[in-house]
Amino acid sequence: MERFTVEPLRVADLVEHVRRCPQMYFLVEQGSPELPTEVLRAVAWDALHRRDGRHGQISVEIGSDLSFTVESDQRPSADERERLLPGFFGSLLDIFDMQRWAPSAAAALSARTVIEVWLDGRGYRQELAGMDPASPREEFIAPKLFGTRTTFHLDPSFCGPGEAVAWALGPEELHREGGTCKEHSSPTTFPIHDLRSKTEKSVTE
């Protein structure tokens, strides 16, 4: 997947740029029926790929046509641990460095984002409106030692009528080959739960 590196920008500038030029981040323009799926694909790719090129463990849950959750077992680096303190964004998006642009860009296109970070058994949760904190961070007992779980509710005023995350997605559709994957091959099987169907199904490669 071709990736766009985000230079350090003020939050307002980044949100404006993502909304003005979504194709630079998600490969398709505003109005494309594929936009929700491409946003999901970018976030899933980001969650799956570790800095050393290996694949982590992720899961995807599709809650509605314009909402989805991605859970990852990625362990925050030392620098990212420091970003749990108020920093550039003033939100839990701080744990993602600027090379991991996808969660921030997806939040910029979302009316509501809920992010959880699990670190050493402690959990941190925050709700965002766009990229801005909509509530203080809450602490809770984490269900796992480390990882992240982020739910994006894409802005229906930005996505056109009839746009939706594609049905019957498989891991091979969310994980396009290229770059580090060719150097560090590993299975790309991960669960995809589509809650839109009457019977929840786990789709694997």
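Residues numbered from 1 in each chain as written. Predicted model: local features only at pLDDT ≥ 70, side-chain atom pairs only at ≥ 80, totals over all residues. Heavy atoms only, no water.

With that settled, the discussion passes to the side chain of His-55. With respect to the helices, strands and loops of the structure, His-55 is situated in the loop between helix 3 (35-48) and strand 1 (58-64). Among the polar contacts listed, one links the side chain of His-55 to the side chain of His-175, at a separation of 3.4 Å. (Helix = DSSP H or I, 4+ residues; strand = E, 2+ residues; numbered from the N terminus. Polar contact = N/O pair within 3.5 Å; in protein donor to acceptor, adjacent residues only side chain to side chain.)

On to the environment of His-55. Of the residues examined, His-55 reaches a relative accessible area of 11% and is grouped as buried. When the C-alpha positions of His-55 and Thr-188 are compared, they lie 7.6 Å apart, and in sequence the two are 133 residues distant. (Buried < 20%, exposed > 50% of the residue type's maximum accessible area, 1.4 Å probe, protein only.)

In this section: the pairing of strand 7 (residues 146-154). By the bridge criterion, six bridges tie strand 2 (residues 67-72) to strand 7 in an arrangement that is antiparallel. Bridged to Glu-71 within strand 7 is Arg-149. As judged from the nine bridges shared by strand 3 (residues 110-119) and strand 7, these two strands associate in the antiparallel manner. Each residue of the ladder has a partner; that of Thr-113, found in strand 7, is Phe-152. (Pairing = 2+ DSSP bridges.)

Moving on to the nonpolar core. Counting residues in hydrophobic clusters, the biggest one holds 38 residues, and the most contacted among them are Val-18, Phe-26, Val-39, Leu-40, Val-60, Phe-68 and Leu-174. The element that contributes the greatest number of residues to this core is helix 3, accounting for eight residues. The residues contacting Phe-26, other than those within four sequence positions of it, are Val-18, Leu-35, Glu-38, Val-39, Ala-42, Trp-101, Ala-105, Ala-106 and Leu-109. Counting residues in hydrophobic clusters, the runner-up holds five residues, among them Leu-92, Ile-115, Val-117 and Leu-119. (Core = buried A, V, L, I, M, F, W, Y, C linked by side-chain atoms within 4.5 Å. Contact = heavy atoms within 4.5 Å.)

Counting through the fold element by element, Ala-107 comes out in helix 5 (residues 102-108). Between the C-alpha atom of Ala-107 and that of Ala-129, which follows or precedes it by 22 residues, the distance is 8.0 Å. In this structure Ala-107 touches Leu-93, Thr-113, Gly-130, Met-131 and Phe-152, once residues within four positions along its chain are discounted.

Over its 14 residues, helix 3 extends 20 Å from the first C-alpha to the last, a length consistent with the 20 Å expected when each residue adds 1.5 Å. Among the 14 residues that make up helix 3, 14 are buried, leaving the element largely enclosed by the rest of the structure. (Expected span 1.5 Å × (residues − 1).)

Okay, the confidence of the model for the protein chain next. With 74% of its residues at a pLDDT of 70 or more, the protein chain has an overall mean of 81. Counted against residues more than four places away or in other chains, residues 1-9, with its pLDDT under 50, gives 21 contacts. Taken together, the stretch residues 199-205 has pLDDT below 50 and engages in 22 contacts with residues farther than four places along the chain or on a different chain. (pLDDT = per-residue confidence, 0-100.)

Should the charged atoms of two oppositely charged side chains come close, the side chains can pair. Counted according to the given criterion, the structure contains 12 salt bridges. Salt-bridge contacts for Asp-65 lead to Arg-196; the nearest nitrogen and oxygen are separated by 2.9 Å. Taken together, the positions of Asp-65 in the loop between strand 1 and strand 2 and Arg-196 in the loop between strand 8 (192-194) and strand 9 (202-203) put the pair 131 residues apart, joining distant regions of the chain. A relative accessible area of 36% means that Asp-65 is categorised as partly exposed. Owing to a relative accessible area of 17%, Arg-196 belongs among the buried residues under this scheme. In this structure, Arg-112 and Glu-127 form a salt bridge, with 2.9 Å as the shortest nitrogen-oxygen distance. In this pair, Arg-112 is assigned in strand 3 and Glu-127 in strand 4 (residues 122-129), connecting sequence segments 15 residues apart. On the basis of relative accessible area, Glu-127 is assigned to the partly exposed category, the value being 29%. (Salt bridge = Lys/Arg side-chain N within 4 Å of Asp/Glu carboxyl O.)

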